[in-house]
Amino acid sequence: MTTKRIIPCLDIAEGRTVKGVNFKELRDAGDPVELAKYYSDSGADELVFLDISASQEKRKTLRSLVKQVAKAINIPFTVGGGISAVEDVKALLDSGADKVSINSSAVRNPELINELSSTFGRQCITVAIDAKQKLNQWEVYLMGGNKAAGLELFDWAREVEKRGAGEILFTSMDHDGTKIGFANEALARLSSQVNIPIIASGGAGNISHFLDAFTLGKADAALAASVFHFKEIEIADLKRAMKERGIAVRL
Amino acid sequence: MAGAGKKEVLILDYGTGNIQSLSYAFSRRGYTTVLSNNFDQIQAAERIIFPGVGAAKMAMQKLKENGLDLIIPGLTQPVLGICLGMQLMCRSSEEGDTTGLGIFDVDVRKFNCGVKVPCVGWNQLTEVKTSLFEGVHKQDYVYLIHSYYAPACEETIALTCYGTPYSAGLRKKNFFGVQFHPEKSGPVGEQILDNFLKLPTNDITS
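As the structure is a prediction and not an experimental result, all values here were calculated from the model.

Reading the values: rules and limits
- Residues numbered from 1 in each chain as written.
- Chains lettered and ligands numbered in written order.
- Predicted model: local features only at pLDDT ≥ 70, side-chain atom pairs only at ≥ 80, totals over all residues.
- Heavy atoms only, no water.
- Helix = DSSP H or I, 4+ residues; strand = E, 2+ residues; numbered from the N terminus.
- Rg over C-alpha atoms; globule rule 2.2 N^0.38 Å.
- Buried < 20%, exposed > 50% of the residue type's maximum accessible area, 1.4 Å probe, protein only.
- Contact = heavy atoms within 4.5 Å.
- Areas by Shrake-Rupley, 256 points an atom, 1.4 Å probe, with all protein chains shown as cover.
- Lys, Arg positive; Asp, Glu negative; His and termini not counted.
- Charge placed at Lys NZ, Arg CZ, Asp CG, Glu CD.
- Pairing = 2+ DSSP bridges.
- Buried area = accessible area lost by both parts, 1.4 Å probe.
- Salt bridge = Lys/Arg side-chain N within 4 Å of Asp/Glu carboxyl O.
- Polar contact = N/O pair within 3.5 Å; in protein donor to acceptor, adjacent residues only side chain to side chain.
- Nonpolar A, V, L, I, M, F, W, Y, C, P; charged D, E, K, R; others polar.

S.K.: Help me get a handle on the overall build of chain A, residues and values and all.
M.R.: Secondary structure assignment for chain A yields ten helices and eleven strands. For chain A, the C-alpha radius of gyration of 17 Å lies close to 18 Å, the compact-globule estimate for 251 residues. Its C-alpha atoms give chain A principal-axis dimensions of roughly 45 × 40 × 35 Å. Across the 251 residues of chain A, 59% fall into the buried class. Long-range pairs, those at least 24 residues apart, make up 65% of the contacts in chain A with a sequence separation of at least 6. Accessible surface, chain A as shown: approximately 10,100 Å² in total, 48% of it carbon and sulfur. Distance from the positive charge centre (32 side chains) to the negative charge centre (33 side chains) of chain A: 1 Å.

S.K.: Now, about the sheet that holds strand 7 (residues 104-110) of chain B: what can you tell me, with residues and values included?
M.R.: Residues and elements named next belong to chain B. If you walk across this open sheet you meet the four strands as 6-5-7-11, and the pairing is mixed. The open sheet is flanked by strand 6 (98-99) and strand 11 (148-149), the only strands paired with a single partner. Pairing analysis gives two bridges linking strand 5 (residues 90-93) to strand 6, with the strands arranged antiparallel. Bridging across to strand 6, S92 finds its partner in T99.

S.K.: Can you break down the interface of chain A and chain B residue by residue, with the values?
M.R.: On the side of chain B, 30 residues touch chain A, which itself brings 40 residues to the contact. Around 2,700 Å² of area is buried between chain A and chain B when both sides are counted, 54% of it from carbon and sulfur atoms. Along the contact surface separating chain A from chain B lie two salt bridges. With its nearest N and O atoms 2.7 Å apart, the salt bridge here joins A:D220 to B:K116. At the boundary of chain A and chain B, one finds 18 residue pairs in polar contact (both at pLDDT 80 or more). For the side of chain A that touches chain B, the elements supplying multiple residues, two or more each, are helix 2 (62-72), helix 3 (86-95) and helix 5 (111-120) of chain A. Here the side of chain A that touches chain B gets four residues from one element, more than from any other, and that element is helix 2 of chain A. A breakdown of the residues in the side of chain A that touches chain B according to their chemical character gives 16 nonpolar, eleven polar and 13 charged.

The structure is reproduced here in structure tokens:
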């Protein structure tokens, strides 16, 4: 069987990593390419680059960044942020990205998922879903969490699968940034309701949170940012712990 | 053969994007890549990569539009099909009921054994043989992303398992195919690309 994947996420704005990272191994911790190389060498299974630039104008550097990353690393990576058309995806894949992640644009125009999937193959289309729980209901949000989409998480997840998504990247906004662990119950429910891989995001604080996401949450992959960027967790330690727990892992 | 010693790999161009990572992987090994659908150039190339992403039916159609379906089976230099490229070298694919090039004597099927589809991620090779896998060991990990697979057959040179055991690698004479992405499979993948670059450019057709 395929192993459970560990995925560091790098937030990018105007071609630079955003969250402060404190790596003495790196000459320039703001350089996404150096950071990507570092994670790839440390045993990360994949990388996600999320462009959070304020405008399309400022996002223009993304394509050349993707080229530099593809030149430097030999593991797969996903690029997300501001993608709303077939041409955006073509430009990123042609530059060397392996997959793209779409979020708000899929909510606004669900047909985009079908279009991207039939043009490029479902394997390179990840749909990211941000949701928070309200009175036993998981509500989907867009615009980076500012606006309710009027969709229920599990309905939306089934719909994106049907429309051709290859993977779902699920972020619990209730857990994101809290370091209390992933939303395992919702993750497990997602996994039972759709038959495409689920990437867990939001809430990683320690190694056992990851183990829980894989066992209780039945996630196929887990994504995190700050615990890796601030070296609170070393990927090698995390993977050793996964192995000890009997979780399939690439070591 | 023309162009000997050029340190160049030809990537078949039939309009199925995303070959950038492959060409970067070869440039890290000191090789240049040329993307081409020109018959003369293809015939003269020392080594050929047959890439492929997307859907089988559309890809096969594009091969035919370029006339590549007619010349690929007759090539005599080392050819490496990757992912969908490997699948198109098989007899047929269940994906869109596509007739393949028939180089490998096996029919590609859809995963249908209670596993998530697409299969995405790193998996272990459970069997490896031939010079393409020299220095690669059983239980080494490779990166795969696909919904259809070639079952184990006589031409299988590497196996992996996802619900069912299947071919991670195939070989017939000078034709090699891998289901995984060597350009995305870390050091193991690079070893396999190096092995491909070391294959003799003639005399492996017997």
